[in-house]
Amino acid sequence: MTTTRTIGRRRTTPPAEPVPRRRPRYGERPGLAYLFLSPWVLGALLLTVGPMAASLYLSFTDYDLFTTPDWIGLANYRALFGDDPRFFAAVWVTVKYVLLSTPLKLVAALAVAMLLNRVSRTQGFYRSAFYAPSLLGASVAVALVWRVIFDERGVVDESLSVLGVHTGGWVSNPRYSLLVLVALAVWQFGAPMVIFLAGLKQIPQEYYDASAVDGAGPWRTFRSITLPMLSPVIFFNLVLETIHAFQAFTGAFVVSGGRGGPVDSTLFYTLYLYQKGFTEFRMGYASAMAWVLVIVVAIITAVLFRTARLWVFYAGEESR
Amino acid sequence: MHRMRAGAAARAAAAVLAALLAAAAAGCGSDDKPGSQQVTIRFDWWGNADRAEITEKAIDLFETKHPNIKVETSFAEFNAYFQKLATQIAGGGAPDVLQMDYRYVREYGDRGVLAQLDSGPAKVDTSGVTPQLLSGGTVGGKLFGIPPTQNTQVFSYDFAQWEKSGAAPPKDGWTWTDLRNSAQKVSDSTQKQVRGLADFGGIEDWFEVWLRQQGKTLYTDDGKIGYTAADVAAWWQLTDGLRRSGACTPAELTTKMDGSQANDPVTQKKASAGFGYDSGFTAKSWEIAGRELKLHPFPSDTGKLGQYAKPAMMFSIAQRSEHKAEGALLINFLINDAEAGKILGMSRGLPANAQVREAVGATLSGPPAVGFQFEQTVGPKLEPAPPPPPKGAGTVKSTFQRIYDDVIFQRTSIQAAADKFLAEAQKAISA
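The structure presented is a predicted model; accordingly, all values stated were derived computationally and were not measured.

## Quick notes on the overall build of chain B
Item 1. A count of helical and extended segments in chain B gives 17 helices and 13 strands.
Item 2. With 431 residues in all, chain B has 55% of them scored as buried.
Item 3. Here chain B contributes 46 positive and 47 negative side-chain charges, whose respective centroids are spaced 5 Å apart.

Spelled out as structure tokens, the structure:
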């Protein structure tokens, strides 16, 4: 019994005969393990699972934040799909954002990772430098800076004006405003880049040596060795970044001043959810939106996992 | 050996963990100092840095007079303020004293979030406040917000620019056509570098004045919408014409107007005139605008002015506040104390307390004096304020501005935009 609960490194086979009493070993006292886990378990229960359960309940209610929620069954969900054109506008904006920002970000991350993968003394510096935007990018301060850069008479507008292209500021132009946010997302390629770097280091040098002997050029090497060997990492990053992109909020909130404008061109799903919940006091409706998002993201993740069988290559399965 | 080390490490880690937990617990409790009468109250409001400086001065005076009360303040611009307030109240962390808007007082008052101010522990002396203004903070017979000041709608313009452009200045009885002609002159004479007007079509407040000029209201007395899609379309037709002819700001500038000074085309000197409220004038107003402005009542085609004396804002106390009496003291000080009044000046509008108003009027100079002067001139022509608008009115206002974007970016026809707006507005009111 004790051995089956072992958490530690070595699993011993259950002894056939009773052994002499001994001190319980570290790792064989589950109580202690749970004690150490408790900050995270409590955090997960109180800060994630609890609120999620609450929001599931609220999604079936009419709740205005201040008074007691009233149970209204599926009415929120019905209104969402039947009677809310802005909901579909928000879905469309979000889908466009995910489809644009995720691939661009991954390409940027992989490109920079490959540049940095070359051994060099300054590699550490550049790695940190390229990672920095990921640490800063989700912050309000950077979103504010971004807004200024792409605003009328901002750096981008002024530079383009010198070239004779007058855009009048991207932020307040419904045609370009979403691109500003895509650019902000792509710029934060640091996290997938670091993962790509680690993945690149895992690829055995022999493969490259062999292909060099066979006379493969850089493109061929990339296609036939780097990409397939890296595909599990690409897959990992793809799933993670897709989920992140669906959840994007801060940039849109700050750049559009919380309004999702102009003409709802930056009305991200989460931003619309926020507006419903906190400016229109319809928290039940907002909760229903949150659950629709959870389900959609879960489905998309499942689909990604399905397609993974077709293109993700795990070393050790060469025989397949 | 190995076992020993693991055990020791575990014990050490457990000790660290225990210490952290203890520290966290201590951190939670350190706010309550039993035995001391010191009370800290929080006061949140909307406004800009200019108003903040003045408010802080008044708060300093309050703290000197009541050494046992410490006031923590925080402010944001209007939209951000209300987003934050809703979150705070829902989370149980509402400020003790808060600034409330006419448009939201029913929303919050009806939901039991605000304390009653005409009886109970949060009672404030309102004997000096104009009764019509108090009715603006009264919902269902209970006083939930006390207006410290009144304001009214105003047209402000850069008179030097208008003179240079040869635009006829506004005069008594001027019409919307007069406004259009003058604005066009400014835009034309500056090759559209400075537009005559900041586009005002998306702001429900100015639409309301225009409606009232035709004898209609934003909301009926029983809280229904008091106009039709045709009214909205006619209003947007008017402003659409101004934009197309270049008399007012282009869509890219208009869409950024969020009530903040930073995004106001007049402050940015991209427009020479605009509509606004006459509250908020401080000694620095001209400095911020970069030039002096003159104030004038709205234009009208019907001979009816349509403007009214509005509670510029209200002070309320949160129902869940544990320091209602201290909060009431602060509100009492801000609205009834002559010294406070002199510090605050016109920064929140014309003082609602008649005595304070007189005391303040004598001391003003610069922009606040211009605001005060305007209130004195226009005052007799103002109508009383309508009853507080129904729940959802805040959403209707933001919807009005959002759908106006469809018009200025020419996404739909004006009629379609007006229909869409009215449908959404009806839904917001009934929800």
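## Re the overall build of chain A
Item 1. Helix and strand counts for chain A stand at 13 helices and 2 strands.
Item 2. In chain A, which comprises 320 residues, the share counted as buried stands at 42%.
Item 3. Long-range contacts, defined as pairs at least 24 residues apart, comprise 65% of the intrachain contacts of chain A with a sequence gap of at least 6.
Item 4. Of the roughly 18500 Å² of accessible surface on chain A, a fraction of 67% belongs to carbon and sulfur atoms.

## Some thoughts on the environment of alanine 393 of chain B
Residues and elements named next belong to chain B.
Item 1. Summarising the element assignment, alanine 393 is placed in helix α16 (residues 393-408).
Item 2. For alanine 393 and serine 347, which are 46 residues apart along the polypeptide, the C-alpha to C-alpha distance reads 25 Å.
Item 3. Apart from residues lying up to four places away in sequence, alanine 393 is in contact with Arg103, Glu107, Tyr219 and Ile429.

## Points about the sheet that holds strand β6 (residues 149-151) of chain B
All names here are of chain B.
Item 1. Sheet architecture is open: 4 strands sit in the order β12-β6-β10-β13, paired in mixed fashion. The outermost strands of the open sheet, each flanked by one partner alone, are β12 (350-351) and β13 (383-384).
Item 2. Relative to strand β10 (residues 308-311), β6 is paired through 2 bridges, and the arrangement is antiparallel. Each bridged residue has a counterpart across the sheet, and for asparagine 151 the counterpart in β10 is lysine 310.

## As for the pattern of salt bridges
Item 1. Within this structure, the stated rule accounts for 24 salt bridges over all chains.
Item 2. When the shortest N-O distance is used, the salt bridge between glutamate 339 of chain B and lysine 65 of chain B registers 3.5 Å. On the criterion of sequence distance, the pair formed by glutamate 339 of chain B in helix α13 (residues 338-344) and lysine 65 of chain B in helix α2 (residues 49-65) is long-range, its members being 274 residues apart.
Item 3. Relative accessible area serves as the criterion here: at 44%, glutamate 339 of chain B is assigned to the partly exposed category.
Item 4. Of the residues examined, lysine 65 of chain B reaches a relative accessible area of 38% and is grouped as partly exposed.
Item 5. Each of Arg86 and Asp264 of chain A together with Arg402 and Glu424 of chain B takes part in a single network of salt bridges with overlapping partners.

## Some words on the confidence of the model for chain A
The predicted coordinates should not be examined in detail at positions where pLDDT is low.
Item 1. Summarising the model, chain A shows a mean pLDDT of 85, and 88% of its residues fall at 70 or more.
Item 2. Throughout residues 1-12 of chain A the model reports pLDDT below 50, and contacts reaching past four residues in sequence, or to other chains, amount to 13 contacts.

## Digging into the packing of aromatic side chains
Item 1. Tallied over the entire structure, the rule returns 59 aromatic pairs over all chains.
Item 2. Between phenylalanine 125 of chain A and tyrosine 126 of chain A, the aromatic rings sit 5.3 Å apart at their centres with planes inclined by 65°, giving edge-to-face as the arrangement.
Item 3. Ring centres of phenylalanine 235 of chain A and phenylalanine 305 of chain A lie 4.9 Å apart, and the angle between their planes is 90°; this geometry places the pair in the edge-to-face category. Of this pair, phenylalanine 235 of chain A sits in helix α10 (residues 218-246) while phenylalanine 305 of chain A sits in helix α13 (residues 283-311); the two residues are 70 residues apart in sequence, bridging distant segments of the chain.
Item 4. The exposure class assigned to phenylalanine 235 of chain A is buried, which follows from its relative accessible area of 7%.
Item 5. The ring centre of tyrosine 277 of chain B lies 4.9 Å from the NZ or CZ of lysine 310 of chain B, which sits over that ring.

## Focus: the nonpolar core
Item 1. Within the largest apolar cluster, 85 residues are counted, with the highest numbers of intra-cluster contacts made by Tyr97, Phe196 and Phe268 of chain A together with Met100 and Tyr108 of chain B.
Item 2. Beyond its immediate sequence surroundings of up to four residues, tyrosine 108 of chain B is in contact with Phe66 and Phe281 of chain A together with Phe82, Leu85, Ala86, Ile89, Met100, Val113 and Leu114 of chain B.
Item 3. Tyr227, Val232, Ala247 and Ala425 of chain B belong to the second largest nonpolar core, which has 67 residues in total.

## A few points about the side chain of threonine 226 of chain A
All names here are of chain A.
Item 1. Following the sequence through the fold, threonine 226 ends up in helix α10.
Item 2. Among the residues examined, threonine 226 registers a relative accessible area of 3% and is labelled buried.
Item 3. Not counting chain neighbours up to four residues away, the residues in contact with threonine 226 comprise Met114, Leu200, Ile203, Tyr208 and Thr221.

## So, a nonpolar patch on the surface
Item 1. The grouping of Tyr34, Leu37, Val41, Leu42, Leu45, Leu46, Leu47 and Val49 of chain A at the surface amounts to a nonpolar patch, some 830 Å² of accessible area in total.
Item 2. With respect to the helices, strands and loops of the structure, valine 49 of chain A is situated in helix α1 (residues 30-58).

## Notes on the interface of chain B and chain A
Item 1. Across the boundary between the two partners, chain B contributes 34 residues, which contact 30 residues of chain A.
Item 2. On inspection of chain B and its partner chain A, the count reaches 4 salt bridges.
Item 3. Between aspartate 64 of chain A and arginine 111 of chain B there is a salt bridge; the shortest N-O distance is 2.5 Å.
Item 4. Our enumeration of links across chain B and chain A arrives at 8 residue pairs in polar contact (both at pLDDT 80 or more).
Item 5. Contributing elements (two or more residues each) for the side of chain B that touches chain A: α1 (2-29), α3 (78-90), α4 (105-109), α10 (251-254), α16 and α17 (414-430) of chain B.
Item 6. When residues in the side of chain B that touches chain A are grouped by element, the largest group, 7 residues, is from α1 of chain B.
Item 7. The class makeup of the residues in the side of chain B that touches chain A is 14 nonpolar, 7 polar and 13 charged.

## Some points on helix α7 (residues 177-187) of chain A
Item 1. Judged by how many residues are buried, α7 of chain A sits mostly within the fold: 8 of 11 residues are covered.
Item 2. Within α7 of chain A, burial applies to Ser177, Leu178, Val180, Leu181, Val182, Leu184, Ala185 and Val186 of chain A.

## Some words on the sheet that holds strand β8 (residues 273-277) of chain B
All names here are of chain B.
Item 1. Strand order in the open sheet formed by 3 strands is β8-β7-β9, and the pairing between neighbours is antiparallel. Each having just a single partner strand, β8 and β9 (294-296) make up the two edges of the open sheet. Within this sheet the neighbouring strands show an average axis-to-axis angle of 35°, counted without direction.
Item 2. Note: strand β7 (residues 153-157) against β8, 5 bridges, orientation antiparallel. In the strand pairing of β8, valine 154 is matched with glycine 276.
Item 3. The strands touched by helix α8 (residues 204-213) within the sheet are β7 and β8, with β8 carrying the most contacts at an inclination of about 90°.

## Overview of the environment of threonine 149 of chain B
Residue and element names in this part refer to chain B.
Item 1. Its location among the elements puts threonine 149 in strand β6.
Item 2. As for threonine 149 and leucine 350, which are separated by 201 residues in sequence, their C-alpha atoms are 5.0 Å apart.
Item 3. The residues touching threonine 149, leaving out its near neighbours within four places in the chain, are Lys310, Pro311, Ala312, Met313, Arg348, Gly349, Leu350, Pro351 and Ala352.

## What about the packing of helix α8 (residues 190-202) of chain A against α10 of chain A?
A pair of packed helices is characterised by two quantities: the angle between their axes and the separation of those axes.
Residue and element names in this part refer to chain A.
Item 1. Close contact between α8 and α10 brings their axes to 10 Å; oriented N to C, the two are set at 155°. Between α8 and α10, the angle falls in the class roughly antiparallel. The crossing of α8 and α10 is right-handed. On the side of α8, the interface is formed by Pro192, Ile195, Phe196, Gly199 and Leu200, while α10 contributes Thr226, Leu230, Val233, Ile234, Phe236, Asn237 and Glu241.
Item 2. Residue composition of the contact of α8 with α10, grouped by class: 8 nonpolar, 3 polar and 1 charged.

## Description of the environment of isoleucine 429 of chain B
Residue and element names in this part refer to chain B.
Item 1. For isoleucine 429, the location among the structural elements is in helix α17.
Item 2. Separated by 38 residues in sequence, isoleucine 429 and lysine 391 place their C-alpha atoms 6.2 Å apart.
Item 3. Once residues within four sequence positions are removed from consideration, isoleucine 429 is found in contact with Tyr219, Gly223, Ile225, Pro390, Lys391, Gly392, Ala393 and Val396.

## Points about the pairing of β10 of chain B
Residues and elements named next belong to chain B.
Item 1. On β10, burial covers both faces: Tyr308 and Lys310 on one face and Ala309 and Pro311 on the other are all buried.
Item 2. Pairing of β10 with β13 involves 2 bridges; the strand directions are parallel. When the sheet's bridge partners are listed, tyrosine 308 is paired in β13 with glutamate 383.

Calculation notes
- Residues numbered from 1 in each chain as written.
- Chains lettered and ligands numbered in written order.
- Predicted model: local features only at pLDDT ≥ 70, side-chain atom pairs only at ≥ 80, totals over all residues.
- Heavy atoms only, no water.
- Helix = DSSP H or I, 4+ residues; strand = E, 2+ residues; numbered from the N terminus.
- Buried < 20%, exposed > 50% of the residue type's maximum accessible area, 1.4 Å probe, protein only.
- Lys, Arg positive; Asp, Glu negative; His and termini not counted.
- Charge placed at Lys NZ, Arg CZ, Asp CG, Glu CD.
- Contact = heavy atoms within 4.5 Å.
- Areas by Shrake-Rupley, 256 points an atom, 1.4 Å probe, with all protein chains shown as cover.
- Pairing = 2+ DSSP bridges.
- Salt bridge = Lys/Arg side-chain N within 4 Å of Asp/Glu carboxyl O.
- pLDDT = per-residue confidence, 0-100.
- Phe/Tyr/Trp six-rings, centres within 6.5 Å; stacked < 30°, edge-to-face > 60°.
- Lys NZ or Arg CZ within 6 Å of the ring centre and 35° of its normal.
- Core = buried A, V, L, I, M, F, W, Y, C linked by side-chain atoms within 4.5 Å.
- Patch = residues over 30% accessible without salt bridge, like charges linked within 9 Å, V, L, I, M, F, W, Y side chains within 5 Å.
- Polar contact = N/O pair within 3.5 Å; in protein donor to acceptor, adjacent residues only side chain to side chain.
- Nonpolar A, V, L, I, M, F, W, Y, C, P; charged D, E, K, R; others polar.
- Axes fitted to C-alpha atoms, helices over the stretch in contact; angles between N-to-C directions.
- Parallel < 35°, antiparallel > 145°, perpendicular 65-115°, else oblique.
- Left-handed = near helix turned anticlockwise from the far one by under 90°.

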